Structure formats: C-alpha cells, structure tokens
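Summary of structural features
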Amino acid sequence: FNVNPVTVDDYRRLARRRLPRFLFDYIDGGANAEQTLADNVNGFDRYRLKQRVMRNVDDVDTSTTLAGFEAAMPLTLAPVGMAGMFARRGETQGARAANANSIPFTCSTLGICPVEEIIRATGKPIWFQLYMLRDREVVQSLLKRAEAAGVNTLVFTVDLPVPGKRLRDFRNGMLGTNLCSKLSKAAQLLYSPRWIVDVAIKGKPHVIGNLSEVVPNPDDLNEYKAFIDSQFDASVTWKDIEWLRTIWPGKLIIKGVMEVEDAQAAVAAGADGVIVSNHGGRQLDSVSSSIAKLPAIAKAVGDQTEVYIDSGIRNGIDVVKAIALGARGVLIGRPWIYAMAGAGEQGVNDLLNNFQSEIRTAMALMGVNRLEEITGELIEAV
Ligand code: HOC
C-alpha cells in the first residue's frame, strides 16, 4: 500500500494487512449472507444531492449539538465491542482522536479499556453504551461507575437480545465451539509487546475493562465469554427502560430501532434520542438498510426526539445525505476501527478530518452554510 490512505476503504485494506485474520473478519463481517451489510453501504447510492449555486457559502459551519454535546460535526464514534483488541489501548486511542476532533466517543459495555481510563485520557465526558445484563445489580453498578467517571449520555443497545449468526466468526472459530482458543490467542497478542495491556486494575493488567469487577477472572477470555453468554438478557422489553430511567439521570439514547412503531415506543419511554441501526448488518441479515428506514422514522418522531443513524456510513457525503433525510447526526463503527488498526490514533484523526472536510465541501457545493439548511429539498431518490 504505497499511497496515503484517504477513504475508509483505504484504511480497511491497511487493517486487513495488519490484523490477524480472525480479528479482521470479526470487525469486517456481518450476519449470515451479509446482505444487510452490503445494503447498508449501497443504500446511500439510491440518493443524490442537489447542487446549488451563487448562494454565498463563505461561512460554512459543520458544528451542531449531539445530545447536548457541542460537536464540531454531526458525527460520533460508535461503540465497538472489544475495540481494544484492534490496537493497543484501542478505546482510549479512539477517544483521544474523537476529542481532538471535538466529537463524542462511545465506550462499549464490552470495552477492553475501562470507562475510567478513557475519560482520564481526555478529561472530557464520553457516551457509554449498555447491553442489558440479567443481573440488574451489575447493570446498576456499571452505570454508577460510568456516571462517577463523567459519562453523561447512555446509549442503550436494543437489537442484540441474542447475537446474530456471523458465519466468518464460526469459520474462524471466533464464535462457536472454538471461540475460546481463538480468544486466548487474541489475549496472547494483547499481552505481547505489540499490544501490551498496560493499564492495571487492582495492580493487574486486565483484558476486560468495564466488566472486570464481575467476570470471575477477567484475564481469562473463556470466562469472559461464559459470562457474556449467561448474562445477555433476551427478556428485555420497553418496561426495562422505565427502570433504566429510575437509575440513570443523564441522557438516554436507544440504539437499534428500525421501525416507526419502535421509534414511537422509544419516545413514549422517554428516550432523548433514537439510533436507526441494524448493528452494522451484524444481527438480522436481510433486514433493510438503515438509510432506507431513516426518512419514515425521522418524519414520525424527529420533532420529539433526536434521530441518529449508523450502519453503512463511509464518507462525508453519506453524512450529508443522512442529515438531509432527517438525522441529527451519525455514528461510525467499522471506519474508525479500520483506521486505528491500519494507521493508529493518527489514522483515526485523519479519517475524522477527512469526514469533516467532505461534509464542509458538500455543504458549500449544495449552497448551505449551516446543517439546519440541509433539508429534504436538497436530496432526491434515484
Ligand atoms: C458473544 C457476544 O456489538 C458486536 C458487538 C457485540 C457482540 C456480542 C457477542 O460484535 O456486534
């Protein structure tokens, strides 16, 4: 690879070269035939932006607020499970890059770097993503920790009552019968000088940051997997949001909503935001792309709550399309992991810079200076 990486695909190629195959496939892959994974990206091709001229675009400003966060652009880094496997102290690197670009970072329940470490690295509030665990006391203490560390926005993921069937992971043994041996290999990598886990909890390096206090032996990925399998709660309903509301004082965003009815239920449950998402095509294969679902959801609840989208966003033009179709902002997952695995923290920084400059250029060429001016008038389906 002898050109400077510019696009997400450039970083993807770098990441493929540097990562062990099973880790690359874990982040790159989707469920079953990966139809939704492809549709998510291709769905943006169904839309075209309008070019407007002679409108004085001398003052383009990409800034906005995302759940109250004053962001330099309408974009945030999505939570990615075990992001810290893709680079040394991966979540912290991502958070630093997000901070350098004045956008929020979202820490996963399944993060390798603990939430405290991430916040310490930037001194800025981040968003925290939650999977509902059967043991509600664990959830409560996790949220207390997050709040004490300085998290002000909770992103509750609701589209993973059970994991989708990701065939690449089965083939590679990352999930399924051989998971443990592969994850142990990953653990060895993490402890190797290249990826060494250097932040200790209670004096010891830990593979699993946020769940280190509840997984019996958090250095042992077999136990981690067993814990996750036994704790992911498939019995969750909208009732649980009421309970979450009693223990979480901050903003609450519901992630994984694909139908208007569910978006309305989220609003009725008091959500400050919804994320139109199919988990990057990693859950229900053959569900529609997120972008296909965005317009109806934005129309139905956009005046009552903030509507976000993830899954398939690969450049600034996609961001602008999402805004034109009613999104307040977008989340990117795979892109920042490819950039980090392929080119480190600087890679994530450069990637975010590229996103922002693409958004700015598109706005100028569409004749607008502010994000609020990017309305449905400026986009057409083809
Ligand atoms: C075995 C549990 O968000 C992903 C993550 C969550 C995976 C949980 C798997 O990979 O999509």
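Description of the structure in this document. For every chain, the first residue of the written sequence is number 1, and numbering continues from 1 onward in sequence order. Confidence filtering applies because this is a predicted model: local features only for residues at pLDDT of at least 70, side-chain atom pairs given and counted only at 80 or more, and all residues used for totals across whole chains, interfaces and linings. Computation of side-chain values: all heavy atoms of the structure, hydrogens and water removed.

1. Considering unusual backbone geometry
Within the chain, M54 stands out as a residue other than glycine whose phi angle is a positive 60 degrees. Secondary structure elements are defined from DSSP: runs of H or I of at least 4 residues count as helices, runs of E of at least 2 residues count as strands, and each element is numbered from the N terminus. Relative to the helices and strands, M54 resides in the loop between β1 (47-49) and β2 (64-66). Accessible area is worked out with a 1.4 Å probe on protein chains only. A residue is then buried under 20% of its type maximum, exposed over 50%, and partly exposed in between. You can call M54 exposed: its relative accessible area is 83%.

2. Some points on the site of the ligand
Lining the immediate surroundings of the ligand are Y26, L110, Y131, L160, R166, I228, H279 and R282. Throughout this description, a polar contact denotes any pair of N or O atoms lying within 3.5 Å of each other; where both atoms belong to protein, one of them has to be capable of donating a hydrogen while the other can accept it, and for residues adjacent in sequence the pair is counted only when both atoms sit in side chains. Take R282: an N or O atom from its side chain is 2.9 Å from an oxygen atom of the ligand. Protein chains shield 92% of the accessible area of the ligand, which is 340 Å² for the free molecule. Only Asp, Glu, Lys and Arg are considered charged, only Ala, Val, Leu, Ile, Met, Phe, Trp, Tyr, Cys and Pro nonpolar, and every remaining residue, Gly among them, polar. Of the residues that constitute the shell around the ligand, the class distribution is five nonpolar, one polar and two charged. Note on terminology: near, applied to a residue and a molecule or strand, indicates that one of the residue's heavy atoms is within 4 Å of it. Note on areas: these come from Shrake-Rupley sampling with a 1.4 Å probe, and a residue is covered only by the protein chains present in the view.

3. Here we look at the side chain of R166
Considering the arrangement of structural elements, one finds R166 in the loop between β7 (153-157) and α7 (167-172). In this structure, R166 is buried with no salt-bridge partner, the nearest side chain bearing the opposite charge being D169 at 4.7 Å. In this structure the side chain of R166 is engaged in a polar contact, spanning 2.9 Å, whose partner is the side chain of Q283. Within this scheme the basic residues Lys and Arg register as positive and the acidic residues Asp and Glu register as negative, but His and the chain ends are omitted. Criterion for a salt bridge: a side-chain nitrogen of Lys or Arg within 4 Å of a carboxyl oxygen of Asp or Glu.

4. Observations regarding the nonpolar core
Ranked by size, the top nonpolar core spans 109 residues in total, and within it F86, L294 and W336 carry the most contacts. Ranked by the residues each element gives to this core, the list is headed by helix α14 (residues 334-366), at 14 residues. What makes a nonpolar core is a set of buried Ala, Val, Leu, Ile, Met, Phe, Trp, Tyr and Cys residues whose side-chain atoms join them at distances within 4.5 Å. Judged by nonpolar contacts, the second largest core, of 11 residues, contains A78, V155, Y308 and L331.

5. Focus on the state of the cysteines
Defined by distance alone, a disulfide is two cysteine sulfur atoms within 2.5 Å. Applying the stated criterion across every chain yields a total of zero disulfides. Free cysteine: C107, not disulfide-bonded; nearest cysteine sulfur from C113 at 8.3 Å. Residue class for C107 comes out buried when judged on its relative accessible area of 0%. Overall, the relative accessible area of 0% leaves C113 in the buried class.

6. Considering the pattern of salt bridges
Applying the stated rule across the entire model yields 20 salt bridges. With a closest N to O distance of 2.7 Å, D28 and R12 form a salt bridge. Taken together, the positions of D28 in helix α2 (residues 21-28) and R12 in helix α1 (residues 8-18) put the pair 16 residues apart, joining distant regions of the chain. Judged by relative accessible area, which is 5%, D28 ranks as buried. Between R370 and D59 there is a salt bridge whose closest N-O contact spans 2.7 Å. Of the two residues, R370 sits in the loop between α14 and β14 (379-381) while D59 sits in the loop between β1 and β2, which places them 311 residues apart along the sequence.

7. A short note on the environment of R88
Mapped onto the fold, R88 is located in the loop between β4 (75-77) and α4 (90-100). Note on R88: relative accessible area 35%, which makes it partly exposed.

8. Points about the packing of helix α6 (residues 136-149) against helix α10 (residues 239-247)
Axis lines are fitted through C-alpha atoms, for helices just across the contact stretch, and the angle between N-to-C directions can take any value from 0 to 180 degrees. Following both chains from N to C, one finds α6 and α10 inclined at 40 degrees, their axes separated by 11 Å at the closest point. Judged by the inter-axis angle, α6 sits oblique to α10. Between α6 and α10 lies a crossing whose hand is right-handed. On α10, the residues that touch R136, V139, Q140 and L143 of α6 are D240, W243, L244 and I247. Of the residues assigned to the contact of α6 with α10, the class counts are five nonpolar, one polar and two charged. Roughly parallel means an angle under 35 degrees; roughly antiparallel means over 145; roughly perpendicular covers 65 to 115; every other angle is labelled oblique. Each helix crossing is assigned a hand: it is left-handed if the near helix lies turned anticlockwise from the far helix by less than a right angle, otherwise right-handed if that turn is clockwise. Residues are treated as being in contact if the distance between any of their heavy atoms lies within 4.5 Å.

9. Digging into the packing of aromatic side chains
Put simply, two rings from Phe, Tyr or Trp (the six-membered ring, in Trp's case) pair if the centres are within 6.5 Å, and we call them stacked under 30 degrees between planes, edge-to-face over 60, tilted for the rest. Inspection of the entire model under this criterion finds four aromatic pairs. Criterion for a charge above a ring: Arg CZ or Lys NZ at most 6 Å from the ring centre, at most 35 degrees from the ring normal. For the cation-ring pair, R46 lies above Y47, with the distance from its terminal atom to the ring centre recorded as 5.4 Å. Across the ring face of F170, the terminal group of K165 is positioned such that the distance to the ring centre comes to 5.1 Å.

10. Details of the sheet that holds strand β6 (residues 127-130)
Here eight strands make up an open sheet; going across it, the order is β4-β13-β12-β11-β10-β7-β6-β5 and the pairing parallel. Both edges of this open sheet fall to β4 and β5 (106-107), since each of them pairs with a single strand only. The pairing criterion is simple: DSSP has to find at least two bridges between the two strands. Pairing between β7 and strand β10 (residues 251-257): five bridges, direction parallel. For L154, the partnering residue across the bridge sits in β10 and is L252.

11. Thoughts on the environment of M366
Within the element layout of this structure, M366 appears in helix α14. By relative accessible area, M366 is classed as buried at 3%. Remark: the alpha-carbon pair of M366 and R52, spanning 314 residues in sequence, is separated by 4.8 Å. Beyond its immediate stretch of four places on either side in the chain, M366 contacts L49, K50, R52, V320, I374 and L378.

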